[in-house]
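# Close look at the chain arrangement
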Amino acid sequence: MGDRGGSAEDVDEGRRLSVLDLVGLAAGGVVGSGWLLAAGQAHWAAGRDAVWAWVIGGALMLLIAAVMVELGIAAPKTGGLIFLPLQAAGPLVATVVAAALWIVYAVNPASEAAAMVRGLAHWFPSLLRSGRAGAEVGGLSPQGMERAYDLSVTGALFAVVLMAVIVGFNLLPARRLIRLNLFITVVKVLVPLLIIGCLALAATSTVRGCAPDHVWYLSAQSGSVRHLRSEAGHFSPLYVVLGGGIIYAYIGFQAPLDFAGNVKRRGMGEAARLRWAVYGTLVGAVALYTALQYVFSRHCGSLTADMLQSPYAQFATAASMTWLAWLIRLNAVLSPMGSGIVFTHALTREVAALSRAHLTHRGLQTARRASFRFRGGEIDAYWMILIVNLVIGLAALAVVRGNWEELVALNSVPIMVVYAMPGVVLVALPGADVNGVRRVVRWSLAYCAFVAIAVVLHEAGWADVWRGMAAVGIGSALLLALPWLAVRDLPYVGRLLRHYDAREHLSRLARRGDPAVAPLFLLVGHLGVLLACTALHELFGDGIASATRSGSVLSAVVVFPLLVRAARRYMDQVRPTLPTGRGAASARPRISART
């Protein structure tokens, strides 16, 4: 990288974020389309027990967050979700994590754009495949319900435009974007708080609960009306956590950790700011989402089977709060847009870290492709990364035909793969294996999070898990294979990849004793066991559920310490270059990624 590239990175690292900025990033990522669209699915699947699904999902995310915050404090680094696994376990494992993270962050704006189109469908019914018939599901044939929530051609074009708008916002100067996001976040959090407060005070005559089968059309499942009604209420809250979109509603809390190297140091310090931002956002989100689900279950009897507008807008209309219904409809567009902006902004930093580590094309983050001049100033927006991510998001949108639920699955499963590694890195880091309470706490948190992720993936169901794992597998294969193909002057392919500049690591699989191979085999083997257990559960039903669940837990219990040992063995042979928290050293070392 040239001098300009170095200075661009220094500017990015030198920007310092306050607690308010960090909370804006965390809450801006969390409060998206999940609360708008997941409540109906959750109520259909688990009835009134859906409230507990939000509590369980929140507890899981707090456990994962505790691990990630401790890691972010021990080794604060912007782009650390990729950089730290690279340093601790090697480029092969880092490639798998990078593929999963890239999928999540690139697909999220597509899912939020699909949610925005569904929000606009109240005014423009032609944006959905069901059209005006969606205003009353009785007007749809059973076959029409199969893909009724898919976007029409017009709706898909709208989604493309909205994704371009999200990218456009990320061309703003970083400080201005952070402030804009903070304003959007305040507005989009205020609306659900008004929903909870106003509907809690609604007249008793407008309050009417419902059985799970009453909202069968919100299940997002395939099948006849009779089948969907018969299945309603027969799922456990644990299934709803991942299969019902609840995890999707919580992801985004890690946005401050994506910028852990950019936190203000004076005053309360980096550690306190990260803890306040992440824990405060998650605790607030658990309370908010649980209350919204309670409101849904308390008012769902007033739903009119209208697929074209938010259930909460229908509740407000039934309670004669037209003004609130209008705010909810507007927020059905604003809330997903704000979340898409945060994910897009965070992904540029993670992919830049991936590019600097030579795990993908190094040209993505050079000065010429990282910044541009506008009105005499230079803006570091990583515009080339934004274009690549837009293309990936558009491809995902096209593959699932704009179906929000399928895009959610492509977010929820790969993010569990990403969340599995920070615990391994945390306890494997040099200096982590010391005696004392901190060591016990770190091991306990990391171990429990690793096992909990395995259980949640098992309970999510085959349909979601295989799609998510397949996406991670394809992404990993591409990241590993492209550099391998680029160095082999093959006919046609070699010419296309001649300028692809990334370090080739695929051949390391054939090297005997390479320390980067063992962590990869352990992680991929564990994911394979989870996939197999989920498949067996799908094939043979609940009769073997306890056996397949036990198999998933046993795999996590066995693999976690082996992964930690393999990571330490790797770091013994390839010394990591890690940032240190304030007070850990008098000066921060310059960060590099020598592997």
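Here the residue index of a chain counts from 1 through its sequence in written order. Only residues with pLDDT of 70 or above have their local features reported here, since the model is predicted, and side-chain atom pairs are shown and tallied only from 80 upward, although totals for entire chains, interfaces and linings are computed over all residues. Water and hydrogen atoms play no part in the side-chain values, which are based on all heavy atoms of the structure.

This part covers the nonpolar core. If you look at the biggest cluster of nonpolar residues, it comprises 190 residues, and the most contacted ones within it are Ile64, Ile195, Phe253, Tyr289, Tyr312 and Tyr419. The contact criterion used throughout is that any non-hydrogen atoms of two residues lie within 4.5 Å. The contacts of tyrosine 419, once residues within four sequence positions are left out, are Met61, Ile64, Met68, Ile251, Gly252, Phe253, Gln254 and Ile453. Nonpolar cores were defined as sets of buried Ala, Val, Leu, Ile, Met, Phe, Trp, Tyr and Cys residues, with membership established by side-chain atoms within 4.5 Å. Burial classes follow relative accessibility: with a 1.4 Å probe on protein chains only, a residue under 20% of its type's maximum area counts as buried, one over 50% as exposed, and anything between as partly exposed.

Moving on to the confidence of the model for the protein. Across the chain, each position has a pLDDT score giving the predictor's confidence in that residue, from 0 to 100. Averaged over every residue, the pLDDT of the protein is 85; the share at 70 or more is 89%. Low pLDDT, under 50, characterises residues 1-7; the stretch is placed with seven contacts to residues that sit more than four places away or in other chains.

This part is about the packing of helix H18 (residues 404-428) against helix H23 (residues 545-573). Helix packing for two helices is described by the angle between their axes and how far apart those axes are. Geometry is summarised by axes, namely lines fitted to C-alpha atoms with helices restricted to the contacting stretch, and by angles between N-to-C directions that run from 0 to 180 degrees. Every helix listed is a DSSP run of H or I at least four residues long, and every strand listed is a run of E at least two residues long, numbered separately from the N terminus. Contact geometry of H18 with H23 gives a least axis separation of 9 Å together with a crossing angle of 55 degrees. It follows that H18 is oblique to H23 by the angle criterion. The way H18 lies across H23 gives a crossing that is right-handed. In contact with Gly423, Val424, Val427 and Ala428 of H18, H23 contributes Phe560, Leu563, Val564, Ala567, Arg568 and Met571. The residue classification treats Ala, Val, Leu, Ile, Met, Phe, Trp, Tyr, Cys and Pro as nonpolar and Asp, Glu, Lys and Arg as charged. All others, Gly included, are polar. A breakdown of the residues in the contact of H18 with H23 according to their chemical character gives eight nonpolar, one polar and one charged. Note on angle classes: values under 35 degrees are labelled roughly parallel, values over 145 roughly antiparallel, values of 65 to 115 roughly perpendicular, and the remainder oblique. Left-handed is the label given to a crossing in which the near helix is rotated counterclockwise from the far helix by less than a right angle, and right-handed is the label when the rotation is clockwise.

Our next topic: the environment of leucine 37. The topology assignment puts leucine 37 in helix H3 (residues 34-46). A C-alpha to C-alpha distance of 9.7 Å links leucine 37 and arginine 118, two positions 81 residues apart in sequence. Leucine 37 has contacts with Ala115, Arg118 and Trp404, leaving out every residue within four places of it along the chain.

Structurally, serine 476 is set in helix H20 (residues 462-486). In this structure serine 476 touches Thr95, Val96 and Ala99, once residues within four positions along its chain are discounted.

Below, the discussion takes up the packing of aromatic side chains. Ring pairs are drawn from Phe, Tyr and Trp, using the six-membered ring of Trp, whenever the two centres fall within 6.5 Å, and their geometry is named by plane angle: stacked under 30 degrees, edge-to-face over 60, tilted for the rest. Taken as a whole and judged by the stated rule, the model has 18 aromatic pairs. With 5.0 Å between their ring centres and 50 degrees between their planes, tryptophan 54 and tyrosine 289 make a pair best called tilted. Of this pair, tryptophan 54 sits in helix H4 (residues 50-74) while tyrosine 289 sits in helix H13 (residues 269-299); the two residues are 235 residues apart in sequence, bridging distant segments of the chain. Arranged with centres 5.6 Å apart and planes meeting at 90 degrees, the rings of tyrosine 248 and tryptophan 404 form a pair that is edge-to-face. Placement of the pair is tyrosine 248 in helix H11 (residues 246-250) and tryptophan 404 in helix H18, with a sequence separation of 156 residues. You'll find tyrosine 248 and tryptophan 404 in the same group, each marked buried. A network of ring pairs unites the aromatic residues Trp35, Phe296, Tyr312 and Phe315 as a single cluster.

Before going further, it helps to spend a moment on the state of the cysteines. Any two cysteine sulfur atoms lying within 2.5 Å of each other are counted as a disulfide. Taken as a whole and judged by the stated rule, the model has one disulfide. Shown here is the disulfide that connects cysteine 210 with cysteine 300, its sulfur atoms set 2.0 Å apart. The sign of the -115 degrees torsion about the S-S bond sets the cysteine 210-cysteine 300 disulfide as left-handed. Remark: cysteine 300 occurs in the loop between H13 and helix H14 (311-318) and cysteine 210 occurs in the loop between helix H8 (174-200) and helix H9 (225-231); sequence separation between them is 90 residues.

What follows covers unusual backbone geometry. Negative phi characterises most residues that are not glycine, and trans characterises most peptide bonds. At histidine 358, a position not held by glycine, the phi torsion is positive, near 65 degrees. Residue placement: histidine 358 occurs in the loop between helix H15 (322-356) and helix H16 (367-370). In this model, arginine 401 sits at a positive phi of 55 degrees, which is unusual for a non-glycine residue. Examined against the element boundaries, arginine 401 turns out to sit in the loop between helix H17 (383-399) and H18.

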